[in-house]
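Residue-level listing of the chains:
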Amino acid sequence: MSLGFIQSRLQLSRSSRGRQLNQLRVLSQRARSLRMREPLPSPQDQTAACPRRRNAEPTMAQLVGPLRKELADSLSSCRVLVVGAGGIGCELLKNLVLTGFKNIEVIDLDTIDVSNLNRQFLFQKKHVGKSKAQVAKESVLRFCPSANITAYHDSIMNPDYNVEFFRNFQLVMNALDNRAARNHVNRMCLAADIPLIESGTAGYLGQVTVIKKGQTECYECQPKPTQKTFPGCTIRNTPSEPIHCIVWAKYLFNQLFGEEDADQEVSPDTADPEAAWNPADAAARATASDQDGDIKRVSTKEWARSTGYDPVKLFNKLFKDDIMYLLTMDKLWKKRKAPLPLDWTEIQQTECSQEEACGTGLKDQQVLGVQGYAQLFHRSVETLRSQLTEKGDGAELVWDKDDPPAMDFVTAASNLRMNVFSMNMKSRFDVKSMAGNIIPAIATTNAVIAGLIVMEALKILNSDFEQCRTIFLNKQPNPRKKLLVPCALDPPNASCYVCASKPEVTVKLNVHKTIVQALQDKILKEKFGMVAPDVQIEDGKGTILISSEEGETEANNNKFLSDFGIRNGSRLQADDFLQDYTLIVNVIHSEELEKDVEFEVVGDAPDKAPAPSAPEEGKNIANGNKDSAQPSTSSKAAAEDDDVLIVDSDEEPSSSTMDASQESSNRKRKHHDADTDDAASKRKRLDQQPADDDEDIIALD
Amino acid sequence: MIDTIEKEDNIISEEEAAQYDRQIRLWGLDAQKRLRGSRVLLVGLRGLGAEVAKNLILAGVKGLTLLDHEQVTEESRRAQFLIPVDADGQNQAQASLERAQLLNPMVEVKADTDEVESKPDDFFFQFDAVCLTRCSKDLMVRVDQLCASRNIKVFCGDVYGYHGYMFSDLGQEHHYVEEKPKVVKASNEANDAPEAKKPKIDPNETTMVKKTVSFCSLKEALEVDWTNEKAKSNLKRTPADYFLLQGAVSERCSAQELFLLRRPEGQRGGRLLRIQISGPWRTRERCVAMHVCSRNTMEFIFCQCATGIKICLLDGTFA
C-alpha cells in the first residue's frame, strides 16, 4: 500500500493538521516497513547475520591503534546514514567500514555511468547502468563481509525518509552533488536533531563541515548565490559569450523536441528595452507579419512540425531569417558588432575550409568549421526527429548531455550561433562542459575529503564536539604551507530562514502577475528548498492556497495571488511537513521589478559573479590577519590563497536518473588562515596544535 | 622518461576518453598522456599502500608494480580493501593484485614478492616514479639518492595512527606548467571599429606558463642542523610530524606502539627523547616521541615510566 493512499485516507479538517501530521508520521513509518525494503536491523541482529564474528576475533577497530576501546565500541553499535554513493560516497563507505563502523545505510538515486569509473572505485565497467547504492554495498561486502549495510536506490527527498527515519541514526553524512538535496537533508537533520557532516569537492578543491542544530550554522544560514542566469534579451538578441549561445541552444532543443517552457524563448525578443523603438513603430512590429509570416503567433514546435522538422528550413529560419530580423533592431548594433546571417545553400557551396588537424587532441576537442557544424546540425535534427516519431504522439525528449544526438544538436546549434555573432567557436568537448555543467573530478580529492569526514565523525561520536571544524582543502599551500585549513564552526544565524526559531522572509513580487503555481515552484521549492509545501493565508480564515496533496488545490495553480485577496503586507504560512519546516512569507507588492525577474527576496545579497577578484581576497586575508608575526606580504598572500568553492556540482542528469530537478551552483567561501601564534587571536584563527597537546602529559593516563 | 611522449601513446582511445573524461577536464589531455606513459613502483601494501595503489590505478598510469615481501595477517588484511578475506598467509602484493587490476583494466598491474632492501639499484631504474611506504630511513635515503641521478621521482610516506607524513623529491630541476588566465593584449591591427565591435575573446581562456622548481633530497631534509639560529626560528612552524620521521621512522614502530606527545615551547628549545616502555603498563605503547618538551615534562615522564621500564635517549637533541 502506498504512502499516498495512507495520506488521502487521513483527510481531516484543516484545523486538525497538527494531529494529522503526527498520524501521518506514524503511519508512514509503518508503511515503509510494509514495503519490500531491506529491514533496518537492530544491533543485536549483527551477530546473527555475521557468523564470523562469533569467534571473538579482535575487531577492526581495536586494530586501528589510536582508537580507545569506548570509541571503538560505539562505532560498532552506532548507525550512520550516507547520502550519496558517488565520488565522495565510495571513498566514505570504504573509510567507514575500515574504521570499524558496522551499521551503515547508504542511499543514492543514480545509476553508474562510465565517466564515474575514474574515481568511484567501488564500480567496474560491468556495473554500468546499475544502482550505485546497491553495487557500492556489494563491493564493500567483498572486503568486509561483516559490515551491515543497507542500500536504497531512491531519492532522499522521497517522503518515506521522514524525520522518524532520520532519527534512527546517530550521524548523517552527505556525499551529494546538488543543492536541493543538501537543503532537504539539512532540514531533516535539524528536525531530527541529528548531527550532519556536510562536504563537497570540485577538481582539486574540497570542504568538510559539521552541522548541529542549535550549536552551529545550518547549511542554509548563509545565503548562497543562486545559479547564474542570463537575461532573456541576452540569450535571444545580443549574446556576447559562448555560454549565451549554449543556453540558447538548450532552450531551442526544448522548444523543438522537449517540454516547451515560456521562460525558454529562442526567437528574437521584440520587447527588448534596448531596442527602444518609438511606440508607433513597436506596435507596428508587434502586429505586422514580416518575412517570418505567421511564425510569431505559433510556437516554435508547431512551426517545426508544420515543416516536418526540415533541417534546412530550420537552419535558415534560425540562422538567417531570425538574424535578419535582429538586424532591423538597429539600436542594438550601434555599439555592438552586428550578427552575420548564414545561408544554408551558400555554406554548402563554399570551399570546405581547412579544419584544425586532429593531431594530438581528442576527437571531441576538434573545432569544426561552419560547414562542419551545419552538417552536424542537419544530422542531429534528423536523428532527433526520428526519436520523436518513435516515441509517438505528444512525445517529448529530455535533454541529456550523454545522449549523443542531443549533445550533437546543442554543439552544432550553439556553434552556428557563435559564428553568427562573431565568437570563436568551441569544440564539442568544451560545449559539453558548459552545457552539461560538468565539474571535473578526480579520485584523490574525494579520498582526502572522505578521510576528513571520518575524522569529524570520530570527534562527534567521541563527544568531542568542540574539536569539530570546517576544513578547506586548497589547491596550493597557503603562506603557512598548509593545504588543509581548519576553521572554527560558526554559531547559528539568528535570522536564518530555516533554523531560526520562527523563520520569516519578505518577498517582493507583483500580486497581479504572479500565479499560485509560480509561488509554489519558483519561490517555495526552488528558492526556499521546500519539497512539498502547504500554504495558507494568514487572513483570519486560514484560507488554503496550496496543498501538498496531489490534485487538491490544482484549480488554484493558474490564478493570480491577488485573486485570493493577497496584497501588499499579506502574510502566508508555508509548511513542509516532511521537513518539519514552517516559513512565514511576508508579501510586498511591487510593479517595478526588473525585466525577467519574477520576485525578489528582500535582504538577499545581489548575485555575485562566480570568479573571485584578487582585491577582494586580499582584503579578506588582510582583515582576518591580526597576527603581527605574519610573514610580510599580505598582497602576496592574496595572490597565493585561492578562494575555495563549496560546489554543488550538478551535472545534467542522464536519462537514467530519477531526479530531474537539479541545479548547479558555486559558492565562494572566504577561508581563514588557521595558524596563529598570537594568544589574543580572533576566534576563527586556531592554534596549529590540537588543543589537547597543551595539557600536561596526563595524556599518558 | 615522462618528459617526452612516445609516438604510439599519442592517441587516446574512445574508451579511455570516456573513462578519463572528468579528469582530462581537470588536468588536460597532455597530463593524461604523461600518466599513460609512466611506470610506477609502489612499495608496501598496507593501508597507505592500498590507497596509493587505488589512486594511481584509477588515474590511468601505464604500469604499477606492487612490491611487498610480507604475508597477509588478519591485521594487515583489515587495514585495506584490496585483499580478499580468505587470503591470510599469502603474499600481500599477490593478494592485492586481482582487485587492484579490476580497478582499471587498462593499467598493467604486477606483483613482486621480494624484499625491497634486496633489490639492486638498476631495479629502480625501470620506473618513472617510486613510492615507498613502510620503509626504513636508510632504504629511503638510498633509493632517493640513486633515483636522483636518473630523474626518477621519489615519494615516501607512512602512517602512525592519527599521524603520518609524506615526503616528495622531484629532483633538483623539476619542470612543470601552471595554468594562468589569458591576458588580453591590446590589438595591433589598424582598426577603426570601436573596441566593442571586435570579436570577443572568451574571458575564461587560460594559458600554460612554464616553471622550474628545485627539491631537496631526503638526506638533506633529515640532516637539518637544528642548533643554528635559522633552524630554531623555524622550529615553531615545523610540523611535529617531521620529528616523527626522525624518531619513529628510524626504528619503524607500528601504529600501536607510538604515542606522540607535543608541547610547543617556543624558542626555548628542548630535547627529543624516545622512551621504550616495556612491561604491563600501557602495553600498546612502546615508543614515546617527545617534541620540544620542557625539563619538567621530561621528569614527569621519567616518573611515570619508573616501574620496570626501559628508557633510552636518542638522537635529535638540540639546545
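See the structure above.
Please read all numbers here as calculations on a predicted model, not as lab measurements.

Calculation rules
Residues numbered from 1 in each chain as written. Chains lettered and ligands numbered in written order. Predicted model: local features only at pLDDT ≥ 70, side-chain atom pairs only at ≥ 80, totals over all residues. Heavy atoms only, no water. Helix = DSSP H or I, 4+ residues; strand = E, 2+ residues; numbered from the N terminus. Buried < 20%, exposed > 50% of the residue type's maximum accessible area, 1.4 Å probe, protein only. Phe/Tyr/Trp six-rings, centres within 6.5 Å; stacked < 30°, edge-to-face > 60°. Lys NZ or Arg CZ within 6 Å of the ring centre and 35° of its normal. Pairing = 2+ DSSP bridges. Axes fitted to C-alpha atoms, helices over the stretch in contact; angles between N-to-C directions. Contact = heavy atoms within 4.5 Å. Salt bridge = Lys/Arg side-chain N within 4 Å of Asp/Glu carboxyl O. Parallel < 35°, antiparallel > 145°, perpendicular 65-115°, else oblique. Nonpolar A, V, L, I, M, F, W, Y, C, P; charged D, E, K, R; others polar. Disulfide = S-S within 2.5 Å. Right-handed = clockwise from strand over helix to strand, strands pointing away. Core = buried A, V, L, I, M, F, W, Y, C linked by side-chain atoms within 4.5 Å.

Trainee: Explain unusual backbone geometry to me, please; I cannot follow it from the model alone.
Mentor: A negative phi angle is the norm for most residues apart from glycine, just as the trans form is the norm for most peptide bonds. All names here are of chain A. A positive phi is found at Tyr 309, a non-glycine position, where the angle reads about 50°. Within the element layout of this structure, Tyr 309 appears in the loop between helix H13 (300-306) and helix H14 (311-328). On the basis of relative accessibility, which here comes to 6%, the residue Tyr 309 falls in the buried class. Unlike most non-glycine residues, Asp 580 shows phi in positive territory, near 55°. Within the secondary structure, Asp 580 sits in the loop between strand S12 (571-576) and strand S13 (581-589). In this structure Asp 580 comes out as partly exposed when scored by relative accessible area, which is 41%.

Trainee: Looking at this model, I keep getting lost on the packing of aromatic side chains. Mind explaining?
Mentor: Each aromatic ring pair is specified by the distance between its two centres and by the angle formed by the two planes. In the structure shown here, the tally under the stated rule is 21 aromatic pairs over all chains. Connected via pairs of aromatic rings, a cluster forms that spans Trp248(A), Phe253(A), Phe257(A), Tyr309(A), Phe315(A), Phe319(A), Trp344(A), Phe377(A) and Phe409(A). Here Arg150(B) stacks its cationic end above the ring of Phe125(B), 3.8 Å away from the centre of that ring.

Trainee: Could you clarify how one ought to interpret the sheet that holds strand S14 (residues 599-601) of chain A in this entry?
Mentor: Strand pairing in a sheet relies on backbone hydrogen bonds, with the paired strands running either antiparallel or parallel. Residue and element names in this part refer to chain A. On the basis of which strands lie adjacent, the open sheet formed by 6 strands has the order S11-S10-S12-S13-S9-S14 and mixed pairing. The open sheet has two edge strands, strand S11 (544-546) and S14, and neither has a second partner. The sheet shows a mean angle of 30° between the axes of neighbouring strands, direction not considered. Two elements, strand S10 (residues 533-537) and S12, share 5 bridges in a ladder whose sense is antiparallel. Looking across to S12, one finds that Ile 537 is bridged to Leu 572. Across the sheet, helix H20 (residues 516-527) touches strand S9 (504-509), S10, S11, S12, S13 and S14, and the angle it forms with S11 is around 65°.

Trainee: Explain the pattern of salt bridges to me, please; I cannot follow it from the model alone.
Mentor: Should the charged atoms of two oppositely charged side chains come close, the side chains can pair. Scanning the model with the defined rule gives 42 salt bridges over all chains in all. Where Asp21(B) meets Arg22(B), a salt bridge forms, and the shortest distance between an N and an O atom there is 2.5 Å. Taken individually, Asp21(B) and Arg22(B) each receive the classification buried, so the pair is uniform in this respect. It is possible to trace a salt-bridge network through shared partners that takes in Glu91(A), Lys94(A), Glu51(B) and Lys54(B).

Trainee: Would you take a moment to explain the environment of Val130(B) for this structure?
Mentor: All names here are of chain B. On the secondary structure map, Val 130 appears in strand S4 (residues 129-133). Under the relative-accessibility criterion, Val 130 is labelled buried at 0%. Each C-alpha atom of the pair Val 130 and Ile 83 lies 22 Å from the other, and the pair is 47 residues apart in sequence. Not counting chain neighbours up to four residues away, the residues in contact with Val 130 comprise Leu 41, Phe 124, Val 143, Cys 147, Ile 152, Lys 153, Val 154 and Phe 155.

Trainee: Is there a simple way to think about the sheet that holds strand S1 (residues 79-83) of chain A in this case?
Mentor: All names here are of chain A. Here 8 strands make up an open sheet; going across it, the order is S3-S2-S1-S4-S5-S6-S7-S8 and the pairing mixed. Both edges of this open sheet fall to strand S3 (148-152) and strand S8 (484-487), since each of them pairs with a single strand only. When the angles between neighbouring strand axes are averaged without regard to direction, this sheet yields 15°. As paired strands, strand S7 (residues 470-473) and S8 are joined by 4 bridges and run antiparallel to one another. In the strand pairing of S8, Leu 473 is matched with Leu 484. Lying on the sheet, helix H9 (residues 179-192) is in contact with S1, strand S4 (171-174), strand S5 (196-202) and strand S6 (205-211); it crosses S5 at an angle near 165°.

Trainee: What is the right way to read the packing of helix H17 (residues 404-420) of chain A against helix H18 (residues 428-435) of chain A from this model?
Mentor: How two helices sit against one another is set out by the angle between their axes and by the gap between those axes. All names here are of chain A. Here H17 crosses H18 at 100°, and the two axes come no closer than 10 Å. Regarding the angle of H17 to H18, the classification is roughly perpendicular. Taking contact as the criterion, the partners of Pro 404, Met 407, Asp 408, Val 410, Thr 411, Ser 414 and Asn 415 in H17 are, on H18, Arg 428, Val 431, Lys 432 and Ala 435. Across the contact of H17 with H18, the residue classes break down as 5 nonpolar, 3 polar and 3 charged.

Trainee: Even after reading the chapter, I still don't get the state of the cysteines, so can you show me in this structure?
Mentor: Every disulfide links exactly two cysteines, by a covalent bond between their sulfur atoms. Using the criterion set out here, one finds 0 disulfides over all chains in the structure. Unpaired in this structure, Cys245(A) has its nearest cysteine sulfur neighbour in Cys233(A), at a distance of 14 Å. The thiol of Cys131(B) is unpaired, and the distance to the nearest cysteine sulfur, on Cys156(B), comes to 8.9 Å.

Trainee: When you look at the pairing of S4(A) in this model, what are you seeing that I'm missing?
Mentor: Regular strands place their side chains on alternate faces of the sheet. Residues and elements named next belong to chain A. Residues of S4 alternate between two faces, with Leu 171 and Met 173 on one and Val 172 and Asn 174 on the opposite face, all of them buried. Note: S1 against S4, 4 bridges, orientation parallel. What sits directly across from Val 80, in S4, is Leu 171. In terms of strand pairing, S4 meets S5 through 2 bridges, oriented parallel. If you follow Met 173 over to S5, its bridge partner there is Ile 197. One crossover worth recording links S4 to the parallel S5 by way of H9, and it is right-handed.

Trainee: Can you help me understand the nonpolar core in this one?
Mentor: Side chains of a nonpolar character, in soluble globular proteins, are inclined to be buried together. Core analysis: the biggest nonpolar cluster contains 71 residues, and Leu96(A), Phe101(A), Leu122(A), Met173(A), Ile197(A), Leu64(B) and Leu66(B) have the highest contact counts within it. For this core, the leading source of residues is helix H19 (residues 443-461) of chain A, giving 10 residues. Beyond its immediate chain neighbours, meaning those up to four positions away, Leu122(A) contacts Cys90(A), Leu93(A), His127(A), Val135(A), Ala136(A), Ser139(A), Val140(A) and Phe143(A).

Trainee: Is there a simple way to explain the pairing of strand S2 (residues 103-107) of chain A in this structure?
Mentor: Residue and element names in this part refer to chain A. Of all 5 residues in S2, 5 are buried, a share of seventy percent or more. Neither face of S2 is open: one carries Asn 103, Glu 105 and Ile 107, the other Ile 104 and Val 106, and all of them are buried. Alignment of S1 against S2, held across 5 bridges, turns out to be parallel. Residue pairing in the sheet places Leu 81 in a bridge with Glu 105 of S2. Pairing between S2 and S3: 5 bridges, direction parallel. By the bridge assignment for S3, Val 106 is matched with Ala 151.

Treat this as a map of the structure, not an account of what it does.
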